[in-house]
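Architecture and fold: a report
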Amino acid sequence: MRNWAKTLRAASFSGVPFFVDYDELTAGKRLALHEVAGGRETTIEEMGLSTSIFDITLYLLGDTADAQALALQGVMLAPGPGFLMLPMDGGMMATAQGFRRSRGKDKNGYVGFDVSFIPASNTGGVALSTGDVTATVAAGIAAAASQFARFF
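Here's what I pulled together on the structure shown here. (Residues numbered from 1 in each chain as written. Predicted model: local features only at pLDDT ≥ 70, side-chain atom pairs only at ≥ 80, totals over all residues. Heavy atoms only, no water.)

1. Looking at the pattern of salt bridges
Taken as a whole and assessed by the stated rule, the structure comprises two salt bridges. The salt bridge involving Lys29 is made with Glu46; its shortest N-O contact spans 3.1 Å. Of the two residues, Lys29 sits in strand S3 (residues 29-35) while Glu46 sits in strand S4 (residues 42-49), which places them 17 residues apart along the sequence. Between Arg100 and Asp114 there is a salt bridge, with the nearest N and O atoms lying 2.5 Å from each other. One end of the pair, Arg100, is in strand S7 (residues 90-102); the other, Asp114, is in strand S8 (residues 110-119), and 14 residues separate them in sequence. (Salt bridge = Lys/Arg side-chain N within 4 Å of Asp/Glu carboxyl O. Helix = DSSP H or I, 4+ residues; strand = E, 2+ residues; numbered from the N terminus.)

2. Things to note about the nonpolar core
Of all hydrophobic cores here, the largest spans 21 residues; its most connected members are Phe18, Leu72, Met76, Leu84, Phe113 and Phe117. Elements supplying a minimum of two residues to this core: strand S1 (11-13), strand S2 (16-26), strand S5 (53-61), helix H2 (65-77), strand S6 (82-86), S7 and S8. (Core = buried A, V, L, I, M, F, W, Y, C linked by side-chain atoms within 4.5 Å. Buried < 20%, exposed > 50% of the residue type's maximum accessible area, 1.4 Å probe, protein only.)

3. Points about the side chain of Ser116
Considering the arrangement of structural elements, one finds Ser116 in strand S8. For Ser116, a relative accessible area of 18% gives the class buried. A polar contact of 2.5 Å, which involves the side chain of Ser116, links it to the side chain of Asp55. Among all residues touching Ser116, those that are not within four sequence positions of it are Ile53, Phe54, Asp55, Thr95, Ala96, Gln97 and Gly98. (Polar contact = N/O pair within 3.5 Å; in protein donor to acceptor, adjacent residues only side chain to side chain. Contact = heavy atoms within 4.5 Å.)

4. Things to note about the packing of aromatic side chains
The final tally for this structure, using the stated rule, is four aromatic pairs. Aromatic pair Phe13 and Phe117: ring centres 5.0 Å apart, planes at 50°, arrangement tilted. Taken together, the residues Phe13 in strand S1 and Phe117 in strand S8 connect sequence positions 104 residues apart. Between the aromatic rings of Tyr59 and Tyr110, the centroid separation amounts to 5.5 Å while the plane-to-plane angle is 20°, which identifies the pairing as stacked. Highlighted residues: Tyr59 in strand S5 and Tyr110 in strand S8, separated in sequence by 51 residues. Taken together, Phe19, Tyr59 and Tyr110 form an aromatic cluster joined through their ring pairs. The residue whose ring lies beneath Arg2 is Trp4, and the NZ or CZ to ring-centre distance is 3.8 Å. Between the NZ or CZ atom of Lys107 and the centre of the ring of Tyr110, over which it lies, the distance is 4.9 Å. (Phe/Tyr/Trp six-rings, centres within 6.5 Å; stacked < 30°, edge-to-face > 60°. Lys NZ or Arg CZ within 6 Å of the ring centre and 35° of its normal.)

As structure tokens, this is what we get:
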């Protein structure tokens, strides 16, 4: 069984670390639907990939959360893309499109953000992350060891 805690990476953007509470990817194809008056069929024309968006709910925690929040805001507002590292998706160059910061009077030492990141590359397909490879190798070694142990 996969040990998730060992395969997840520390999250960060342009070197500023944070914790991820929730992440969501919106992606797909741009489609043009051609409908003819009185017709019963629709012709679908693929127009390429739509822009992918990673919506991340993240937080900073501890005595330096306020300073870390200022640093994170600074790198998100800096021109150009930065390096985004997510626990499961791995690293990519991305631009912070916008963010919402939240703090609460009963949550001292906690600063939350909702951020939308646009990846620099919008290529389709699946890329394996280090965590995926590590988990697969570990599972293969465990299975091989189990089969090998049957001989003794």
